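# Architecture and fold: a report
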Amino acid sequence: MDKLRALRVFARVAQEGSLVAAAQALDLTPTAVTRTLADLEDSLGTRLLHRNTRRLALTDAGEDYLMYALQALQLLDDAQALIDSRLTEAAGRLRVTVGSAFASHQLMRHMAAFHARYPKVGLEFHVPASVTTVDENSDVSILIVDADLPDRGCVARRLAASEIVPCASARYLARRGRPQHPQELQQHDIVTPHAMRSELRFTLRAGAGGADAPSVTVAMPRPLLDTNDYELNLAAALSDLGIAGLPSFVAADALRRGELEAVLPQWRLFALGVHAAMPSRRHLPLRTRAFVDFCVECFGGDDRDPWLAAPARADGAAAWQPAPQRPG
């Protein structure tokens, strides 16, 4: 017996006060309605209705059972309405795993606009120092990696690229000198992110950094500081500790404010990929799709760096500088 169907038949019979009227309302035959009610009563072991040729009335047990049946049917209808609304309107709680630096320097400045657009979506951020693999317990993970995505089983959309920019404070550079060539980095204190820690030799490319650009490979000194937290790298550079390799999404504001200077601005290191990744595409809630689409809109959705710009120069070189700040 289909218990849910039986509950709906019983409730409609009680509402209509007639087997025939209930059958018409449910697009069933009177025989099917009668059989369904009989099966329901058999499963419960009690009569729910007094029936004769002239009238239909609930038994005491039927009145009690109807009260709970209507409550159960209402809860099911409410649940279905909730699911239907989420298929047409972004709503509910969204859990995002995102590195602390990207969250604080970039993502949070756009969240007021996201909330204005999707006021029924609540946000829960899980914020480790860095995120390079998909968090299965989150709706979205913002991955920042220096190579292909490690988890081929995930569903991901590219948000942007972010150049690693060598930066230092003016005080440090005044004390130690401003490098004019990549080889001069060997005489400096270096602060590196973990994205660079596996190498003590780095290749820098001139100009826009294309594959055909002139390049120099530098044997770097052992880093003075090596951490997976971009915020610590930024703090180290601001504290005059040395030349830090910072992602552009972290460095851009400090460069724009003049708190840091780009070192060797006519040379390129490498770029990180910024991706919004989800464990699966199946039954993707509208709130998740809305959040990812919003991030693509904010950051460009391609392999360009939205935080740096390379204006044309008379000598033909491309010196990176912070891009104009986008509205939040």
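Everything here concerns the structure above.
Right, let's walk through the structure included here. Residue numbers run consecutively from 1 along every chain, following the written order of its sequence. Per-residue local features are limited, in this predicted model, to residues with pLDDT of at least 70; the limit for side-chain atom pairs, both in listing and counting, is 80 or more; totals at the level of whole chains, interfaces and linings are taken over all residues. As a rule here, side-chain values come from all non-hydrogen atoms in the structure, and water together with hydrogens is ignored.

## Considering the overall build of the protein
Heads up, the condition is: Helix and strand assignments follow DSSP, with helices taken as H or I runs no shorter than four residues and strands as E runs no shorter than two, numbered in order from the N terminus. Here the term buried applies to any residue with accessible area under 20% of the maximum for its type, exposed to any over 50%, and partly exposed to those in between, with areas from a 1.4 Å probe on protein chains only. In what follows, a contact means two residues having at least one pair of non-hydrogen atoms within 4.5 Å. Each accessible area is a Shrake-Rupley estimate made with a 1.4 Å probe; only the visible protein chains count as cover when residues are assessed.
The secondary structure content of the protein amounts to ten helices and 16 strands. Within the protein, the fraction of its 328 residues that count as buried is 44%. Sequence separation of at least 24 residues holds for 72% of the intrachain contacts in the protein that already meet a minimum separation of 6. Of the roughly 16,900 Å² that the protein leaves accessible, carbon and sulfur atoms contribute 50%.

## A few points about the packing of helix 1 (residues 3-16) against helix 3 (residues 30-44)
Here is the rule we go by: Helix axes are fitted to C-alpha atoms over the stretch in contact, other axes to C-alpha atoms as well, and angles between N-to-C directions run from 0 to 180 degrees. An angle below 35 degrees is treated as roughly parallel, one above 145 as roughly antiparallel, one from 65 to 115 as roughly perpendicular, and anything else as oblique. A crossing counts as left-handed when the near helix is turned anticlockwise from the far one by less than a right angle, and as right-handed when that turn is clockwise. Gly is put with the polar residues, along with every residue not named as nonpolar or charged; the nonpolar set is Ala, Val, Leu, Ile, Met, Phe, Trp, Tyr, Cys and Pro, and the charged set is Asp, Glu, Lys and Arg.
Contact pair helix 1 / helix 3: the axes reach a minimum separation of 9 Å and the direction vectors enclose 110°. As summarised for this structure, helix 1 and helix 3 are arranged roughly perpendicular, according to the angle between their axes. In this structure, helix 1 crosses over helix 3, and the sense of that crossing is left-handed. Note on element contacts: helix 3 touches helix 1 through Ala-32, Val-33, Thr-36, Leu-37, Leu-40 and Ser-43, opposite Lys-3, Arg-5, Ala-6, Val-9, Phe-10 and Val-13. Here the contact of helix 1 with helix 3 is built from residues that sort into eight nonpolar, two polar and two charged.

## With respect to the pairing of strand 5 (residues 140-145)
The condition that has to hold: Pairing between strands requires that DSSP locate at least two bridges from one strand to the other.
With six of six residues buried, strand 5 lies mostly within the body of the structure. Neither face of strand 5 is open: one carries Val-140, Ile-142 and Ile-144, the other Ser-141, Leu-143 and Val-145, and all of them are buried. Across three bridges, strand 3 (residues 92-98) lies against strand 5 in parallel orientation. Among the inter-strand pairings, Val-98 is bridged to a residue of strand 5, identified as Ile-142. Examined bridge by bridge, strand 5 and strand 14 (residues 271-278) share five bridges and lie antiparallel to one another. Residue pairing across strands places Leu-143 opposite His-275, the latter belonging to strand 14.

## Notes on the pattern of salt bridges
We count it as follows: Salt bridge, as used here: a side-chain nitrogen of Lys or Arg that lies within 4 Å of a carboxyl oxygen of Asp or Glu.
Summed over all chains, the structure comprises 15 salt bridges. For the salt bridge of Asp-293 with Arg-157, the shortest nitrogen-to-oxygen distance reads 2.4 Å. Of this pair, Asp-293 sits in helix 10 (residues 286-299) while Arg-157 sits in strand 6 (residues 155-168), placing them 136 residues apart in sequence. Assessed through its relative accessible area of 40%, Asp-293 is described here as partly exposed. Across the pair Asp-189 and Arg-176 runs a salt bridge whose closest N-O atoms are separated by 2.9 Å. With Asp-189 in the loop between helix 7 (170-176) and strand 7 (190-193) and Arg-176 in helix 7, this residue pair connects regions lying 13 residues apart in the sequence. Looking at Arg-176, the relative accessible area reads 33%, which means it is partly exposed.

## Points about the packing of helix 1 against helix 2 (residues 19-26)
Running from N to C, helix 1 and helix 2 point in directions that differ by 125°, and their axes come no closer than 8 Å. Judged by the angle between their axes, helix 1 and helix 2 are oblique. In this structure, helix 1 crosses over helix 2, and the sense of that crossing is right-handed. Touching Arg-8, Val-9, Arg-12, Val-13 and Glu-16 of helix 1 are Leu-19, Ala-21, Ala-22, Ala-25 and Leu-26, all from helix 2. A breakdown of the residues in the contact of helix 1 with helix 2 according to their chemical character gives seven nonpolar, no polar and three charged.

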